[in-house]
Number of protein chains: 2
Amino acid sequence: MNTVEILVFDVFGTVVDWHGSIVAEVNQLYPQVDAPAFARAWRAGYQPAMQRVRSGALPWTRIDDLHRMILNDILTSHGLGHLDEAQRAHLNRVWHRLNPWPDAVAGLKRLKTKFVISTLSNGNLSLLTHMAKHGGLPWDCVLSAEVFKAYKPDPRAYLGVAEVFDVSPEQVMLVAAHHDDLAAARACSLQTAYIERAHEFGADAPKDVSPVEANTLHARDFLALADRLGC
Amino acid sequence: MNTVEILVFDVFGTVVDWHGSIVAEVNQLYPQVDAPAFARAWRAGYQPAMQRVRSGALPWTRIDDLHRMILNDILTSHGLGHLDEAQRAHLNRVWHRLNPWPDAVAGLKRLKTKFVISTLSNGNLSLLTHMAKHGGLPWDCVLSAEVFKAYKPDPRAYLGVAEVFDVSPEQVMLVAAHHDDLAAARACSLQTAYIERAHEFGADAPKDVSPVEANTLHARDFLALADRLGC
């Protein structure tokens, strides 16, 4: 753990509250919609859409465009089939406007004093950049699957970070709220920190946040992570 | 000019004072060396080294490695042939420790309130990231020729920014202290701002900073640019 120089962060669910942010915006714009169900349906399309890219069924396609494809598929069944192009484009950009978890900015500022902190998200570069401006996320660097043209859990994404920073994989730690992401990073020899985000899918749908022993660290949130890493 | 959303910055010479920073560090470490001549010799190898990549004579090679190749070539003639591997590696990283021009951080903070601000440098991602931490440069995003695998003035670097941000080239403005960089950006339909850095090569070797009419803007420094852009 003493060798870590670079902390890379999964973003959707780990740094920002996608569910709560989408629910809040949809409640405001379209109060007739079941916003939690809509948010979960949108997110449920995420892995299958990326899988079409990973499998080669689709050429490289960035998340903004995958989000839009999924959105087009779910609008009608959620009572939003009447939205015009400008409204659809605006709604799709909600992923650029997701709000950080309450501890995220303060935790990142502490972690940044001792480590390079960067995103390592499947979200595209412009999405991550706009989100950082929106939420005040103090990244040192914005890395994305878009840079490596490989969606996590493709090893090229994790190993790409070590290559960019010219360090060994053991000098990189992935911070994420998802065990599958962390497992893939461990398989590439990265160190890993699990963050509990019990309410990622909403306060009424808590997820299991039990520790997995293989991770280097397990922390409640980014402030606890900063404590553990001596920041 | 009202359409600009993204400001991208050339870095070496435009944001940071490579000459003054290298001279200061070499003077401290190796007082026997003619530091200004050494700094200029190192920088003089930069375009020829990138040209070997552009021409295909070298495969994609990042600037850290090109800087090291040039360094190896000039050490002996500048009285530094005795440096061991650790000393050479440390000296090569001086490019990660370049200091901002006095107006740079304050100017970027103002520009950031209204625009997305990003690097667009031939420097590699880790170099730019470490430099930002060293100098407190508040980038929203770190873009590099390394992302596009194309060194400026290759059009792919300029057009790559527009593609990443899903905007037209006219919505991107390149800020640089070098007319050749700006001319290549204009050829790609970007807007351009020239910044006077008369002492880029040292106070005793002032360069011509005359305006070129084809640029969208001409500004003394980043504070004057912020004034002109209403920030």
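About the criteria used
- Residues numbered from 1 in each chain as written.
- Chains lettered and ligands numbered in written order.
- Predicted model: local features only at pLDDT ≥ 70, side-chain atom pairs only at ≥ 80, totals over all residues.
- Domains from an automatic or database assignment.
- Contact = placed C-beta atoms within 7 Å.
- Helix = DSSP H or I, 4+ residues; strand = E, 2+ residues; numbered from the N terminus.
- Nonpolar A, V, L, I, M, F, W, Y, C, P; charged D, E, K, R; others polar.
- Pairing = 2+ DSSP bridges.
- Axes fitted to C-alpha atoms, helices over the stretch in contact; angles between N-to-C directions.
- Parallel < 35°, antiparallel > 145°, perpendicular 65-115°, else oblique.
- Left-handed = near helix turned anticlockwise from the far one by under 90°.
- Least-squares fit on C-alpha atoms with pLDDT ≥ 70 in both.
- Buried ≥ 20, exposed ≤ 12 C-beta atoms within 10 Å, placed from the backbone.
- Core = buried A, V, L, I, M, F, W, Y, C linked by C-beta atoms within 7 Å.
- Arc of directions from axis to C-beta.

## A few points about the domain arrangement of chain A
All names here are of chain A.
- By the assigned domains, chain A splits into domain 1 (6-17 + 98-228) and domain 2 (18-96).
- Taking only C-alpha atoms, the centre of domain 1 and the centre of domain 2 are 22 Å apart.
- Taken together, the 20 residues of domain 1 in the interface contact 15 residues of domain 2.
- Examining the composition of the side of domain 1 that touches domain 2, we find that 4 residues originate from one element, helix 7 (residues 125-135), more than from any other.
- Along the lines of polarity and charge, the residues of the side of domain 1 that touches domain 2 split into 7 nonpolar, 8 polar and 5 charged.

## Here's the deal with the sheet that holds strand 6 (residues 217-219) of chain A
Residues and elements named next belong to chain A.
- An order of 3-2-1-4-5-6 is seen for the 6 strands of this open sheet, with the pairing classed as parallel. Since the sheet does not close on itself, it has two edges, and those belong to strand 3 (141-144) and strand 6, each with one partner. Ignoring which end each strand starts from, the neighbouring axes of this sheet average 25° apart.
- In terms of strand pairing, strand 1 (residues 6-9) meets strand 4 (residues 172-176) through 4 bridges, oriented parallel. For Ile-6, the partnering residue across the bridge sits in strand 4 and is Val-172.

## A few points about the interface of chain B and chain A
- Every contact between the two is made by 14 residues of chain B and, on the other side, 14 residues of chain A.
- Looking at the side of chain B that touches chain A, the elements with two or more residues in it are helix 7 (125-135) and strand 3 (141-144) of chain B.
- Looking at the side of chain B that touches chain A, the element that brings in the most residues is helix 7 of chain B, giving 5 residues.
- Across the side of chain B that touches chain A, the residue classes break down as 8 nonpolar, 2 polar and 4 charged.

## Description of the packing of helix 1 (residues 18-29) of chain B against helix 2 (residues 35-44) of chain B
Residue and element names in this part refer to chain B.
- Where helix 1 meets helix 2, the axes come as close as 9 Å, and the angle between the chain directions of the two elements is 130°. In this view, helix 1 runs oblique relative to helix 2, as classed from their interaxial angle. In the packing of helix 1 onto helix 2, the handedness of the crossing is right-handed. Counted together, Trp-18, His-19, Ile-22, Val-23, Val-26 and Asn-27 of helix 1 and Ala-35, Pro-36, Phe-38, Ala-39, Trp-42 and Arg-43 of helix 2 form the full contact between these two elements.
- Tallied by class, residues from the contact of helix 1 with helix 2 come to 9 nonpolar, 2 polar and 1 charged.

## Notes on the relation of the copies chain B and chain A
- When chain B is fitted to chain A, the residual RMSD is 0.0 Å, and the transformation amounts to a turn of 180° plus an axial shift of 0.0 Å. These values place the two chain copies in the arrangement generated by a two-fold rotation axis.
- A share of 100% of the interface residues of chain B reappears at the interface of chain A, consistent with the copies meeting face to face through the same patch.

## Some thoughts on unusual backbone geometry
- Cis geometry is found at the peptide bond from Lys-152 of chain A to Pro-153 of chain A, where omega equals 10°.
- Look at Asp-166 of chain B: it is not a glycine, yet its phi comes out positive at around 55°.
- Position of Asp-166 of chain B among the secondary structure elements: in the loop between helix 9 (155-164) and strand 4 (172-176).
- Of the residues examined, Asp-166 of chain B has 13 C-beta atoms within 10 Å and is grouped as partly exposed.
- At Ser-189 of chain B, a residue that is not glycine, the phi angle is positive and equals roughly 75°.

## Overview of the nonpolar core
- Judged by nonpolar contacts, the single largest core of 137 residues is most densely connected at Leu-7 and Leu-174 of chain A together with Leu-7 and Leu-174 of chain B.
- For Leu-174 of chain B, the contacting residues outside a window of four places in its chain are Val-8, Asp-10, Leu-120, Tyr-158, Asp-181, Leu-182, Ala-185, Leu-190 and Thr-192 of chain B.

## Digging into helix 2 of chain B
All names here are of chain B.
- Within helix 2, the full set of buried residues consists of Ala-35, Phe-38, Ala-39 and Trp-42. In an axial view of helix 2, the angular spread of the buried residues amounts to 100°, which keeps them on one side of the axis.
- For helix 2, the secondary structure elements touched by its buried residues are helix 1 and helix 4 (63-74).

## Quick word on the environment of His-90 of chain A
- Tracing the backbone through its elements, the reader meets His-90 of chain A in helix 5 (residues 85-92).
- Overall, the presence of 14 C-beta atoms within 10 Å leaves His-90 of chain A in the partly exposed class.

## Focus: the pairing of strand 1 of chain A
Residues and elements named next belong to chain A.
- Burial along strand 1 is two-sided: Ile-6 and Val-8 facing one way and Leu-7 and Phe-9 facing the other are all buried.
- With 4 bridges joining them, strand 1 and strand 2 (residues 116-121) adopt parallel strand pairing. Pairing of Phe-9 across the sheet is with Thr-119, part of strand 2.

## Observations regarding helix 6 (residues 104-112) of chain A
Residue and element names in this part refer to chain A.
- Among the residues of helix 6, those classed as buried are Ala-104, Gly-107, Leu-108 and Leu-111. For helix 6, the angular spread of the buried residues around the axis is 100°, confining them to a single face.
- Here the buried face of helix 6 lies against strand 1, strand 2 and helix 11 (222-228).

## Here's the deal with the sheet that holds strand 4 of chain B
Residues and elements named next belong to chain B.
- Strand order in the open sheet formed by 6 strands is 3-2-1-4-5-6, and the pairing between neighbours is parallel. Strands at the two margins of the open sheet, each flanked by one partner only, are strand 3 and strand 6 (217-219). Averaged over all adjacent pairs, the angle separating strand axes in this sheet is 25°, with direction ignored.
- Pairing between strand 5 (residues 191-195) and strand 6: 3 bridges, direction parallel. Counted as the bridge partner of Tyr-194 is His-218 from strand 6.
- In this fold helix 7 packs onto strand 2 (116-121) and strand 3, with an angle of close to 145° to the strand it touches most, strand 3.
- In the packing of helix 9 onto the sheet, contacts are made with strand 1 (6-9), strand 2, strand 3 and strand 4, and the angle to strand 4 comes to roughly 135°.

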